[in-house]
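So the chains spell out like this:
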Amino acid sequence: GILYAPGGEPDTWKFTCVEHPSMASVDAVVRIVGLLREILATEDQLEFDNRKPWVPPVEVISPPAAETPASKILAAKTELKAQLVDAKSAAGKAISEVLSSSSAVTPSGLLFSDDSCYDVFSPLVEEVLASEYDFPASAQHPVEASLDQVGAAFVGVDVEVPFVRVDLRRNIAGKAWPQAGDGGAAAEIEKVLTSALGMAIPGEYFPVAGSTTFSEKATGMTPDDASKIRKTTHSVAGDLLMNEADPKGGRGVYLSHAGDHAAWLNHEDHFRLFSQTTNSGVGATVLKLLATLQKLKAAGQLTFSESKRLGALTTDPAQAGTALTFALELQCPLVLKNDKLLAAMASSYRVKFDSVVSLVMTYSAPCGQSAIGATRHVLRAIKQLQSLERRLARGGSIFELEDGLGDRPLEGLLDPLACPEKLPDLSNHHSDVAEALRANPQLYDQLRSARTASGATLARCIKPGLDSEGHAHLPVAGIVAADESCFTVFAPLFDVIINKRLQHPPDATHQTDISPEKIAMELFDIDGKYVKEVTYRTGRNLRGLPLASALDVLQRREVERVLVKSLLTVVGDGGGDYYPLRDSSSYAPKPEGMTQEEEEKLTKSGALFLEPDSKVALAAGLGRHWPDARGVFVSATRTWHAWVNEEDHLRIMVKEPGNAFKAAFERLTELLRALESHVKEADCEFMHNDHLGYLTTDVSNLGTGLRVTATLALKHLAADDLEAICQSHELVFSRAGEETVVRNRRVIGKSEVIIVNSMVKGVAEIVKRERECAEAA
């Protein structure tokens, strides 16, 4: 994997490692050095002159012009370029002098020479941070936590990895930065920092070879010094030896005696402080780094270049904020082989992956993310990778790769974050929302730019009905609520669909009544000959959080935490248990979800729910981050179970054999009252209002959210007779062989008691007619 060619001087050769384009630089060095050793061992008469590093021709080392975020913005916004053309920093740098041609070296495409650049070139900085790093002008970097707070944040959640290196960058306030090219200033910074480092971390300083600014090593580091630094380098994290091709003045590497800390002086920023550990926690390493920074600051009485809005100011604005970078090794051999999975993870968590022997992950904290927030982000990515590795090891499914089930929304007609300016063509669409928008396109123009307080858009709500054309004979609503405010912010559209689908006009009210003593006691089918089973299902959602279609990972986990805790409290010890879906890692007592055996049992009993597979449900966002923070709570008696984070935050199903309508309703209402009480103890409550009753993701379930089902054995009753009875009691039915399932049609505008009593009377009449038909036969 090594090429060789004549060098730039007589009797010299150039060696180039080309085996792997993403190989860590230290491995390339190791390969070339190994080759040279073989040559020297074979040909004793050869000598290797390492005093003069080979310098390639200028045309080779000069990078081609490349588009960077900064250059693209200036090219697109000529008025911005004109505004900055005469601007100059305190060090006298013009806009052309702070632009970098390589986003690989400086992600933003900017290289600043002092903190005044952030003010002088602020219009460009704001554009870059907003467009490339999701940090708008209105945002502010969080206040960094104390060391005690950082330590407490990772108790019980830290993850140990084979190797981790974390580093941060800082510049000293009031001093020219390395990019200013001021050799005197660099030498002064070198003197201040080596003194402070010596007091904070026992170690040794090695100026780059050829440097003359450090009196104790007047000619810079020796080959032995370089070898000493290399010995502390871990193959996954890159070389700690600073590139000697950099300008020499005031630059060097400080290395702790223990080899667990290092610092680069006057490289890109005044200093870059490293902390590295093996077989240790990521959070523990971050805490160690921040504690060392605090010691360094105190020892040198240093004041850093900072901004209240941006945090720490760095040479490259893309690294401002906490200026933290993570590099760590993970043992995930199966994930390592799956390029598609790594690409999905990289996109989802904004990390980068590389591989030598093991999996290497790197992450740079963006502006606006605190040290705690950045570390938690990395820990989540690690846990997800470890979960994927375990899942692959046992042949499990990888939902992260599928649109609509991973982090990415389903690709379709609409982006859930924003509506296009023009209403798409809906002439072939069959849904209530498509019909409403075709009939009144002004509704789209009126609402397309509106947002709720939590940021929900019209696009997110109507995406199911626009991404899927639907079926002419089975039109769906095609609209979902993303949060509670959708019913008011987008009321002109929701009201039309709710009235059409549920016959509930905008001025109507809904009455809630869950009093089991009001349920009629119809004495029919005592022996259970006709009514085989009664089932109640209802849904609830927690106020203050988005609905299922718009939950992010942390919000969904909070729903799970609150509801599972409440359910466990309601049933007491031994009264039931929670089974997170297999491969969900959000529930600490079962970090890998339910077992395969538990999954099979729940499937057999009909208590398990699966990932959504319809285009409507996937477009609604109901499968995002599957199966995380979703599960089934099952009572010890197996007479009821609850789904957490399926279509609604909570869905409860109660089953009773025979015609036990009242007994089942009593159990349901007792459970709902107890849950409501315990949810309030967690400072939560269920979404509800006087107009729509209990609020649900799907508008079809608004009001009571109640679905009452009776499974009947009917052999003689004609379909026409059954249809007539059902219509008179607002019921619907379906048949499969001799089994008939009857359900309530209405869910809103009438209370739970009225709906159940109508069901009881309707089923009683059906049984009566069936008995009469049987006798006649």
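For the structure, see preceding data.
Because the structure is predicted, anything quoted here is derived from the model rather than measured. Each residue is numbered by its place in its chain's sequence as written, counting from 1. It should be noted that, the model being predicted, local features are given only for residues of pLDDT at least 70 and side-chain atom pairs only at 80 or more, the latter also being counted only at that level, while totals for whole chains, interfaces and linings use all residues. With hydrogens and water set aside, each side-chain value is computed from the structure's full complement of heavy atoms.

Visitor: Looking at this model, I keep getting lost on the overall build of the protein. Mind explaining?
Guide: A run of H or I in DSSP becomes a helix once it reaches four residues, and a run of E becomes a strand once it reaches two; helices and strands are each numbered from the N terminus. Each helix and strand counted, the protein has 24 helices and 22 strands in total. With the C-alpha coordinates aligned to their principal axes, the bounding extent of the protein is approximately 115 × 55 × 50 Å. When the 777 residues of the protein are sorted by exposure, 50% land in the buried category. Accessible surface is estimated by sampling points in the Shrake-Rupley manner with a 1.4 Å probe; for residues, cover comes only from the protein chains shown. Total accessible area on the protein is roughly 35,700 Å²; 51% of this is exposed by carbon and sulfur atoms. In the protein, the 81 positive side-chain charges and the 105 negative ones have mean positions that sit 2 Å from each other. Throughout this description, buried means an accessible area under 20% of the type-specific maximum (1.4 Å probe, protein chains only), exposed means over 50%, and partly exposed covers the range between. A positive count includes Lys and Arg, and a negative count includes Asp and Glu. His and the chain ends are not counted in either. Every charge is mapped onto a representative atom, which is NZ of Lys, CZ of Arg, CG of Asp or CD of Glu.

Visitor: How should I be thinking about the sheet that holds strand 21 (residues 731–736) in this particular structure?
Guide: Sheets are built from strands paired through backbone hydrogen bonds, the pairs being either parallel or antiparallel. On the basis of which strands lie adjacent, the open sheet formed by eight strands has the order 14-15-16-17-13-20-22-21 and antiparallel pairing. In this open sheet, the two strands that pair with only one neighbour each are strand 14 (576–580) and strand 21. Strand-to-strand twist across the sheet, computed as the mean angle between neighbouring axes with direction ignored, equals 20°. A strand pair is defined by DSSP finding two or more bridges across the two strands. Pairing geometry for strand 13 (residues 531–540) and strand 20 (residues 707–713), over six bridges, is antiparallel. Axis definition: a line fitted to C-alpha atoms, over the contacting stretch in the case of helices. Angles run 0 to 180 degrees between N-to-C directions.

Visitor: Help me understand helix 14 (residues 432–439) in this model?
Guide: Taken together, the buried positions of helix 14 are Asp-432, Val-433, Ala-434, Ala-436 and Leu-437. Buried residues in helix 14 make contact with helix 15 (442–447), helix 16 (458–467) and helix 18 (491–502). Two residues form a contact once any of their heavy atoms are found within 4.5 Å.

Visitor: Even after reading the chapter, I still don't get the environment of Glu-204, so can you show me in this structure?
Guide: If you trace the backbone, Glu-204 turns up in strand 4 (residues 203–207). Assessed through its relative accessible area of 25%, Glu-204 is described here as partly exposed. Considering only alpha carbons, one finds Glu-204 and Val-253, 49 residues apart in sequence, at a separation of 8.5 Å. Two N or O atoms count as a polar contact when they lie within 3.5 Å, although within protein this holds only if one can serve as hydrogen donor and the other as acceptor, and sequence-adjacent residues are included solely when both atoms are side-chain atoms. A polar side-chain atom of Glu-204 sits 3.1 Å from a polar atom in the side chain of Lys-217.

Visitor: In this structure, what is going on with the pattern of salt bridges? I would like to understand it.
Guide: A side chain of one charge can pair with a side chain of the opposite charge when the charged atoms of the two come close. A carboxyl oxygen of Asp or Glu within 4 Å of a side-chain nitrogen of Lys or Arg is what we treat as a salt bridge. Taken as a whole and assessed by the stated rule, the structure comprises 33 salt bridges. One salt bridge connects Glu-484 with Arg-543, and the closest N-O pair in it is separated by 2.7 Å. Of this pair, Glu-484 sits in the loop between helix 16 and helix 17 (486–489) while Arg-543 sits in the loop between strand 13 and helix 19 (553–571), and the two are 59 residues apart along the sequence. We classify Glu-484 as partly exposed; its relative accessible area is 22%. For Arg-543, a relative accessible area of 27% puts it in the partly exposed group. Here Arg-543 makes a salt bridge to Glu-685, at a shortest N to O gap of 3.2 Å. On the criterion of sequence distance, the pair formed by Arg-543 in the loop between strand 13 and helix 19 and Glu-685 in the loop between helix 22 (661–681) and strand 18 (688–689) is long-range, its members being 142 residues apart. A residue is classified by how much of its surface remains accessible, and Glu-685, at 35% relative accessible area, is partly exposed. The network of salt bridges with shared partners includes Arg-390, Arg-391, Arg-394, Asp-583 and Glu-592.

Nothing here speaks to function; it is all geometry.
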